[in-house]
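# Structure assessment
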Amino acid sequence: MGFNVSSIKTSSDGIWQGENPLHYAFPLLIIQTTLVVFLSRCLTFLLKPLRQPKVVAEILAGIMLGPSAFGRNEVFTRLIFPTWSIPILESVSSIGLLFFLFLVGLELDLKTIRKSGKRAAGIAFAGISLPFIFGIGVAFLLRKVIKGVDRVGYGEFFIFIGVSLSITAFPVLARILAELRLLTTQVGEIAMAAAAFNDVAAWILLALAVALAGGGKSHNSPLISLWVLLSGFGFVVFMFTIIRPIMNWMARKASCGHHIVEETYICLTLAGVMLFGFMTDLIGIHAIFGAFIFGLTIPKSGDFGGRLILRIEDFVSGLLLPLYFASSGIKTDITKIHSLGSWGLVVLVVSTACVGKVLGTFIVGMLYSIPVREAFTLGILMNTKGLVELIVLNIGKEKKVLDDETFAILVVMALFTTFITTPAVMAIHKPSIHQLQLKKLPNKTKENNLRILACIRGPRDARSLITLIESLRSNKNNNSSVTKLYVMQLVEFSDRLSSILMVQRARKNGFPFIGRVLRRDDTTDQVATAFEAYSQLGRVKVRPTMAISALPNLHEDIIHVAEKKRAEIIVLPFHKHWQMEGEEEMEIHAGHGWRTVNEKVTRRAPCAVAVLVDRGLEVNGMNSVRVCIVFLGGADCRKAMEFGSRMVEHPAVRVTLVRFIQHIGSNFDEVERTLDDTTIADFKIRWDKQTVYAEKEASDELVEQVLEIGKSGEFELIIVGKGKFPQGIMAKLFENPLTDQHSELGPMANILASSGKEIKSSVLMIQQQAFGCENSKDVNSKVASQC
């Protein structure tokens, strides 16, 4: 059924009125959006085993919808992407691009860039200048070989080609580094800092190119381009001298806690994105520059920027941005590269981009004494392209600087360089990424130090960790025994822009980041101060580290650091904690993913593992902390007692050891029983005057006996072993359904971590080195099957 293109309506009256909804703007936009999102998500899923960033799938989805694939079918194009609908699609996608560039500016911290040092600046400069120079040579060749290109002025064409070859996609790079677990390595830190420098330089060069291009108008003169550049410079000065102080004031006011005020300022900020985009478009520079500069003016400290990201991130990145890839793909016709000579140009452009970026970065990296392998890896990482590349190319095509063939060649170059980054880095930097083979570590180090790798997710974990570690610190002047504490901040990384903002703030590892996390609440300033104070203590040496990965991979980072630091024990936070709301106890669940992390660590750890179930074990002046060690027998209980015995020397800690004995019907291994008896005897001889020791018979009411200890309120912390108990005791424990709720805890800790039992004590579960049969099967299941 025909329709009048000149009188396009927004919506139809429906098929019952004899109208085709696909002939109307809004219904067709719905179908286009659904198709684009569905196809990009499908490709993302298919490319996930290849560890490709989402942007590769989105670029491919756009190309497939264009004349290179599905668009070759005239029926498909006429129905889904008719010519009259393209301006509407581009307008909607441009709104998404506008807000995305605002988010990119919001995530880019100029203070962090300034503090990155000469090394990152030098690498960024080399990574831009050499491929840019190579790009000028390629531009000369393209002007001679491709027909019609010579109609474009030299200056704008050289700049567009140079920028397209020298750019590094900062958001895409961050996701690749997170996927490869390189964010907190030296390579990752340098790459992130250099990419941030590169981002700023690329936008400046692109603004220059746009000003010179002048929309392809024949009457454009150098004087007009000069006015555009001067106006753009004036706009930047205006934004940083006038708008930035206003945004700082607005961010402070929005943090006052009044919901209506917060909503008002956020809405004004979002309107500002549109307004400043219009201003740069009015000047003659693309609207995205206004949004980007406005994002830079938003204060990076405080929660205002984070709340802005949460409001618009998913809608922009998940729904509107794929439309931009689709509109770009519709402009990309790979069939324009039809001859052997054209494909030769593709090879030349790709080779020039890769060689220029990698060689420039490698040379400067070597000058800064970066190892050869890492310098080469850094060069490949800096060659990452992505959305920013597509923005450059689309602006070049819009300004009539790039023709169809040149545009297609450069899109293929961007896609190939981004696709090859991950496999190339995995091949070259493989020893650094995959050295996770488990090696059995000695329980004692030569220095007789206690090396603890303590993992924290947030402020609450940090507070309970402070109390736990403080209780291990002896006040005796014994320099031969030093506690070395490696505090690992566990950060879940995702495709969200908020993750990249977090990485920017946390790029330099250390307590300043932990302090920022903890300062979300003013009452937690003391925790950051306490960590810093610990680093000054002679017998507790604190070293911060960080793991930034997707949850399925976090356990590998923990295990790798434990091996590298020769940790004797890993302390993990339980995925639940409890807090009192009035007279009721509320259970707070961190998520199943964190439970999986703990389970994987307990199965594969190269050293002992402790899981802390926190019920309010926080810094309280250490006036008196009462600790109970529940001893049932076996290697895990002996390890728990060894850990607990280190607390005895602290003057503010009172340790009680309760041993449950199975006298009748016990067929526990005599060797284990002898080891238990010897360990208990040594403990009593050494600490008899400083501890309380009690023996109880493991009766049929063993579970009730253990619960009574937890409910008594006599102890702030109960330390238990995970498993490997005498079989008679295991049989009594497994009669209760509470004992198998969480496989990472073991039966005893499960009882004490159960909800609704009025248990007041925090629990520390200790597992001995997880090697042998327990490495592939949980201790609980193994012992239960024996029973």
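Residues numbered from 1 in each chain as written. Predicted model: local features only at pLDDT ≥ 70, side-chain atom pairs only at ≥ 80, totals over all residues. Heavy atoms only, no water.

## As for the overall build of the protein chain
- A tally of helices and strands in the protein chain yields 30 helices and twelve strands.
- The proportion of buried residues among the 787 residues of the protein chain is 56%.
- Taking the intrachain contacts of the protein chain between residues at least 6 apart in sequence as the baseline, contacts between residues at least 24 apart amount to 80%.
- Accessible area of the protein chain: about 33000 Å², with a carbon and sulfur share of 59%. (Helix = DSSP H or I, 4+ residues; strand = E, 2+ residues; numbered from the N terminus. Buried < 20%, exposed > 50% of the residue type's maximum accessible area, 1.4 Å probe, protein only. Contact = heavy atoms within 4.5 Å. Areas by Shrake-Rupley, 256 points an atom, 1.4 Å probe, with all protein chains shown as cover.)

## Considerations on empty space enclosed by the protein
- Summed over the entire model, instances satisfying the criterion amount to seven cavities of 30 Å³ or more.
- In this structure, the largest cavity encloses a volume near 190 Å³.
- Considering the residues around the largest cavity, the lining is formed by 15 residues, among which Val55, Glu58, Phe100, Arg175 and Leu321 are closest to the centre.
- The set of elements that each furnish at least two residues to the lining of the largest cavity consists of α2 (54-65), α8 (170-179), α13 (304-331) and α16 (387-398).
- Each residue belonging to the lining of the largest cavity can be placed in one class, and the counts come to ten nonpolar, one polar and four charged.
- Every residue lining the second largest cavity is counted, 14 residues in all, and those nearest its centre are Asp461, Ser464, Pro573, Phe574 and Leu612.
- For the lining of the second largest cavity, the secondary-structure elements that each account for two or more residues are β1 (450-456), α19 (459-472), β4 (569-573) and β5 (576-581).
- Grouping the amino acids of the lining of the second largest cavity by side-chain chemistry returns eight nonpolar, two polar and four charged. (1 Å grid on protein atoms, 1.4 Å probe; cavity = no way out; pocket = protein on both sides within 12 Å on 5 of 7 lines; lining within 4 Å. Points joined across faces, edges and corners; volume = space filled by probe spheres on them. Nonpolar A, V, L, I, M, F, W, Y, C, P; charged D, E, K, R; others polar.)

## Some points on unusual backbone geometry
- Despite not being glycine, serine 369 shows a phi value in the positive range, around 65°.
- Among the secondary structure elements, serine 369 is positioned in the loop between α14 (340-367) and α15 (372-382).
- A relative accessible area of 66% places serine 369 in the exposed class.
- Even without being glycine, arginine 566 reaches a positive phi, approximately 55°.
- Of note, arginine 566 is situated in the loop between α23 (551-564) and β4.

## So, the packing of aromatic side chains
- In total, this model carries eight aromatic pairs according to the counting rule given.
- Measuring from centroid to centroid gives 5.9 Å for phenylalanine 70 and phenylalanine 76, while their planes differ by 65°, and the two rings are edge-to-face.
- Look at phenylalanine 276 and phenylalanine 294: their rings are 4.9 Å apart centre to centre, the planes differ by 45°, and that puts the pair in the tilted class. Within this pair, whereas phenylalanine 276 is found in helix α11 (residues 259-283), its partner phenylalanine 294 is found in helix α12 (residues 287-297), the two being separated by 18 residues in sequence.
- Above the plane of the ring of phenylalanine 407 lies lysine 397, whose end atom (NZ or CZ) is 5.4 Å from the centre.
- Across the ring face of tryptophan 594, the terminal group of arginine 457 is positioned such that the distance to the ring centre comes to 5.6 Å. (Phe/Tyr/Trp six-rings, centres within 6.5 Å; stacked < 30°, edge-to-face > 60°. Lys NZ or Arg CZ within 6 Å of the ring centre and 35° of its normal.)

## Here's the deal with helix α17 (residues 404-428)
- The end-to-end C-alpha separation of α17 is 36 Å, in line with the 36 Å expected for 25 residues at 1.5 Å each.
- The buried count for α17 comes to 18 of 25 residues, which makes it a mostly enclosed element. (Expected span 1.5 Å × (residues − 1).)

## A closer look at the confidence of the model for the protein chain
- Of the residues in the protein chain, 79% reach a pLDDT of 70 or more, and the chain-wide mean stands at 77.
- Per-element mean pLDDT across the protein chain ranges from 36 in helix α21 (residues 511-518) up to 91 in helix α1 (residues 25-47).
- pLDDT under 50 marks residues 771-787. Its contacts with residues more than four places away, or in other chains, come to 35 contacts. (pLDDT = per-residue confidence, 0-100.)

## Quick word on the pairing of strand β8 (residues 625-631)
- Counting buried positions along β8 gives six out of seven residues, so the element sits mostly inside the fold.
- Across seven bridges, the pairing between β8 and strand β9 (residues 653-661) is parallel. By the bridge assignment for β9, phenylalanine 631 is matched with arginine 659.
- The parallel pair β8 and β9 is bridged by helix α25 (residues 635-645), and the resulting crossover is right-handed.
- Sheet topology note: the β8/strand β11 (residues 717-721) ladder contains four bridges and is parallel. Opposite valine 627, over in β11, you have leucine 717 as the bridge partner. (Pairing = 2+ DSSP bridges. Right-handed = clockwise from strand over helix to strand, strands pointing away.)

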